[in-house]
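# Residue-level structure breakdown
So you can see what is in the structure, the chains are spelled out below.
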Amino acid sequence: MGFSLTGTHVIFFIAAVIVAGMVSGIFIAVTMDITTSLSNRGSRVIEQLNTDYTIINDPDIIPMIGEYYIFYLKNIGGARLITTNQTFQVFIDGELIGISQYHFENSSIPVEGVTSLYVNITLTTGDHVLRVVGPQAVDKDFTFMK
Amino acid sequence: MGFSMIAAAAILGITLFMAVEIVTTDLLPTIEDINTSYGRMKDRIQNQLQTAITITLVEQSNNATDYAYNITVLNTGSSTLPTDNFVILINGSECHFICSNQYLYPKNIAYFHVVNQTSGGAKRMKVITNNGIAAYYTYAG
């Protein structure tokens, strides 16, 4: 009977340690997942806070080279800006411009730097709205006339 | 039974301590970085609000082949502006220039010399500061 009681205690002890270990493992795994997700989200928020740019053209006169309109994009944010067809999408009057129809002069611009955005599109006379959507969906509108 | 409870509680306690350690080690630097970025963004916006310029005078000169413009810019804001990253547009196109000063201090003027313009006459000018604030001027010719 004495042996049985000890055996029962040992079984309870082992069971308690196993259950506590399982709970601990799950708790640590969930904590690490949440921490990683929050950290990634934090990195995106940091990128969003550091991203800012503006279109500095004279809205009255948009220069052209051949069939391309030239828009000047100035980095007024706090970090270098990657300017490619993948990081930027361009809309004119609400229409998404295909990536083959626009390109940037430089693949990246430093803080306070300027690059040219070349857009190949046919515009009618009158007012138009250029919308540029950059990294982390930071977007800018620019109204101009042709 | 009592000893089993103590062992389980100890394991769970250590786990809790480890979880707090993981959270503080991984998240605190990220929160600090967010705070730094937010502070810088706030500074940039404040700087933009304190920036203002006016084009006070434009003078044209020409030689046999091309035209040059002297653009006088007055800093009407309250922040000092580095002139390296200014942009000048004449009739919508970006122009290279030489500036008389490296910094444009509040209530001071700087002269921007634009050369190699192929045509004279009326021009529409836009000067953009390093942080994107702009001023317009129409030169009548």
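Reading the values: the criteria
- Residues numbered from 1 in each chain as written.
- Chains lettered and ligands numbered in written order.
- Predicted model: local features only at pLDDT ≥ 70, side-chain atom pairs only at ≥ 80, totals over all residues.
- Helix = DSSP H or I, 4+ residues; strand = E, 2+ residues; numbered from the N terminus.
- Rg over C-alpha atoms; globule rule 2.2 N^0.38 Å.
- Contact = placed C-beta atoms within 7 Å.
- Pairing = 2+ DSSP bridges.
- Axes fitted to C-alpha atoms, helices over the stretch in contact; angles between N-to-C directions.
- Domains from an automatic or database assignment.
- Nonpolar A, V, L, I, M, F, W, Y, C, P; charged D, E, K, R; others polar.
- Core = buried A, V, L, I, M, F, W, Y, C linked by C-beta atoms within 7 Å.
- Buried ≥ 20, exposed ≤ 12 C-beta atoms within 10 Å, placed from the backbone.

So, on to the overall build of chain B. For chain B, the count of helices and strands is 1 helix and 10 strands. Helices and strands appear in chain B in the N-to-C order α-β-β-β-β-β-β-β-β-β-β. Whereas a compact globule of 141 residues would reach a radius of gyration of roughly 14 Å, chain B reaches 29 Å, over 25% beyond that. For chain B, the spread of C-alpha atoms along the three principal axes comes to 105 × 30 × 20 Å. Counted over contacts in chain B with a minimum sequence separation of 6, partners at least 24 positions apart contribute 60%.

Turning next to the sheet that holds strand β9 (residues 123-128) of chain B. Sheet strands associate in pairs through backbone hydrogen bonding, adopting either a parallel or an antiparallel arrangement. Residue and element names in this part refer to chain B. If you trace the 4 strands from one edge of the open sheet to the other, you get β5-β4-β9-β10, paired in antiparallel fashion. Strands with a single pairing partner mark the edges of an open sheet, and in this sheet they are β5 (93-95) and β10 (134-139). On average, adjacent strands in this sheet sit at an angle of 30 degrees to one another, irrespective of strand direction. Bridging between strand β4 (residues 87-90) and β5 involves 3 bridges; their strand directions are antiparallel. Residue Ile90 lies in a different strand from β5, and its bridge partner there is Ser93.

On to the domain arrangement of chain A. Residues and elements named next belong to chain A. The domain architecture assigned to chain A consists of domain 1 (1-50) and domain 2 (53-145). For domain 1 versus domain 2, the separation of C-alpha centres amounts to 50 Å. On the side of domain 2, 6 residues touch domain 1, which itself brings 4 residues to the contact. Residues belonging to the side of domain 1 that touches domain 2 are distributed by class as follows: no nonpolar, 2 polar and 2 charged.

Residues and elements named next belong to chain B. The sheet built from 4 strands is open, its strands ordered β1-β2-β8-β6 with antiparallel pairing. At either margin of the open sheet sits one strand with a lone partner, and together these are β1 (53-62) and β6 (97-99). For this sheet, the mean angle separating the axes of adjacent strands, direction not counted, is 20 degrees. Looking at chain direction, β1 and strand β2 (residues 67-75) are connected through 9 bridges and run antiparallel. When the sheet's bridge partners are listed, Glu59 is paired in β2 with Asn70.

The side chains of a regular strand alternate between both faces of the sheet. Residue and element names in this part refer to chain B. Between β1 and β2, which pair antiparallel in sequence order, lie 4 residues. One ladder, built from 7 bridges, connects β2 with strand β8 (residues 109-117); its direction is antiparallel. Note on β8: the bridge partner recorded for Val73 is Ala110.

Counting residues in each nonpolar core, the largest one holds 39 residues, and the members touching the most others are A:Phe71, B:Ile71, B:Val73, B:Val87, B:Ile88, B:Met125 and B:Val127. Not counting chain neighbours up to four residues away, the residues in contact with B:Met125 comprise B:Ile55, B:Val58, B:Ile71, B:Ile88, B:Leu89, B:Ile90, B:Tyr136, B:Tyr137 and B:Tyr139.

Bringing the interface of chain A and chain B into the picture now. Every contact between the two is made by 36 residues of chain A and, on the other side, 37 residues of chain B. Looking at the side of chain A that touches chain B, the elements with two or more residues in it are α1 (2-50) and β3 (68-75) of chain A. Split into classes, the residues belonging to the side of chain A that touches chain B amount to 21 nonpolar, 11 polar and 4 charged.

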